[in-house]
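# Reading the structure
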Amino acid sequence: MTEVKNGDTVHIHYTGTLDDGTVFDSSQGRDPLAFQVGAGQIIPGLDAAIPGMAVGDKKTVNVPCDEAYGQVNPGMRQDVPRAEIPPEIPTDVGTRLQMQGQNGEVIPVVIVAATEAAITLDANHPLAGKDLTFAIELVSIQSAA
């Protein structure tokens with residue numbers, strides 16, 4: 001039976017959950033996720049769990065935040081005076097917005113706090129600081145040449 005090795009392209013079905021059981025993502029009802037193992041295309045903790053699997057194998061993988069999206073970085077939070085925000089922009093906590101970086105790149109942010117004077121924007125990945133669990137099933141392997 002062929003086992004996955006680094007460099008192979010694989011297809012997996014997965015369901016990702018948080019510690020409280022909340023599903024944050026799943027391939028259910030969609031095509032399986034395809035990626036090259038060991039190429040840095042998915043989070044490191046999940047990537048490292050794939051080698052050695054065979055088609056049809058299922059497993060549960062616990063990925064600590066340091067091997068997923070990292071710790072929350074306080075430097076990625078920014079207070080913005082309300083006076084600098086155009087009136088048509090919503091400022092409710094939980095609102096997702098996009099900012100433009102210095103090089104023109106789009107930076108997704110979420111409003112995490114709001115006062116009369118300012119709002120706080122957070123550019124951390126929404127799953128930063130969270131341990132993740134994945135239920136995975138290996139659907140196919142395309143061996144590296």
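Now for a quick tour of the structure. (Residues numbered from 1 in each chain as written. Predicted model: local features only at pLDDT ≥ 70, side-chain atom pairs only at ≥ 80, totals over all residues. Heavy atoms only, no water.)

## Quick notes on the overall build of the protein
Heads up, the rule is: Strands are runs of DSSP state E lasting at least 2 residues, helices are runs of H or I lasting at least 4, and numbering of each runs from the N terminus. With C-alpha atoms as the basis for the radius of gyration, the globule rule is written as 2.2 Å multiplied by the number of residues raised to the power 0.38. To sort residues, take the accessible area from a 1.4 Å probe on protein chains only and compare it with the maximum for the residue type: under 20% means buried, over 50% means exposed, and anything in between is partly exposed. Should any heavy atoms of two residues lie within 4.5 Å, those residues are counted as being in contact.
In terms of regular secondary structure, the protein is built from 1 helix and 9 strands. Since a compact globule built from 145 residues should have a radius of gyration of about 15 Å, the 19 Å found for the protein marks it as more spread out than a globular shape. If one aligns the C-alpha atoms of the protein with their principal axes, the spans along those axes are about 65 × 35 × 30 Å. Burial statistics for the protein: of 145 residues in total, 33% are counted as buried. Considering only intrachain contacts with a sequence separation of at least 6, the fraction spanning at least 24 residues in the protein is 62%.

## Concerning the nonpolar core
Which entries qualify depends on this criterion: Remark: nonpolar core denotes a set of buried residues (Ala, Val, Leu, Ile, Met, Phe, Trp, Tyr, Cys) joined through side-chain atoms within 4.5 Å.
Grouped together as the largest cluster of nonpolar side chains are 22 residues, with contacts concentrated most on Val4, Val10, Ile12, Ile50, Phe134 and Ile136. The greatest single-element share of this core, amounting to 5 residues, is contributed by strand β9 (residues 132-142). Leaving out residues up to four positions away in the same chain, Ile12 has contacts with Ser27, Pro32, Leu33, Phe35, Ile50, Ile136, Glu137, Leu138 and Val139. Counting 6 residues, the second largest nonpolar core, distinct from the first, contains Val80, Ile85, Ile111 and Ile119.

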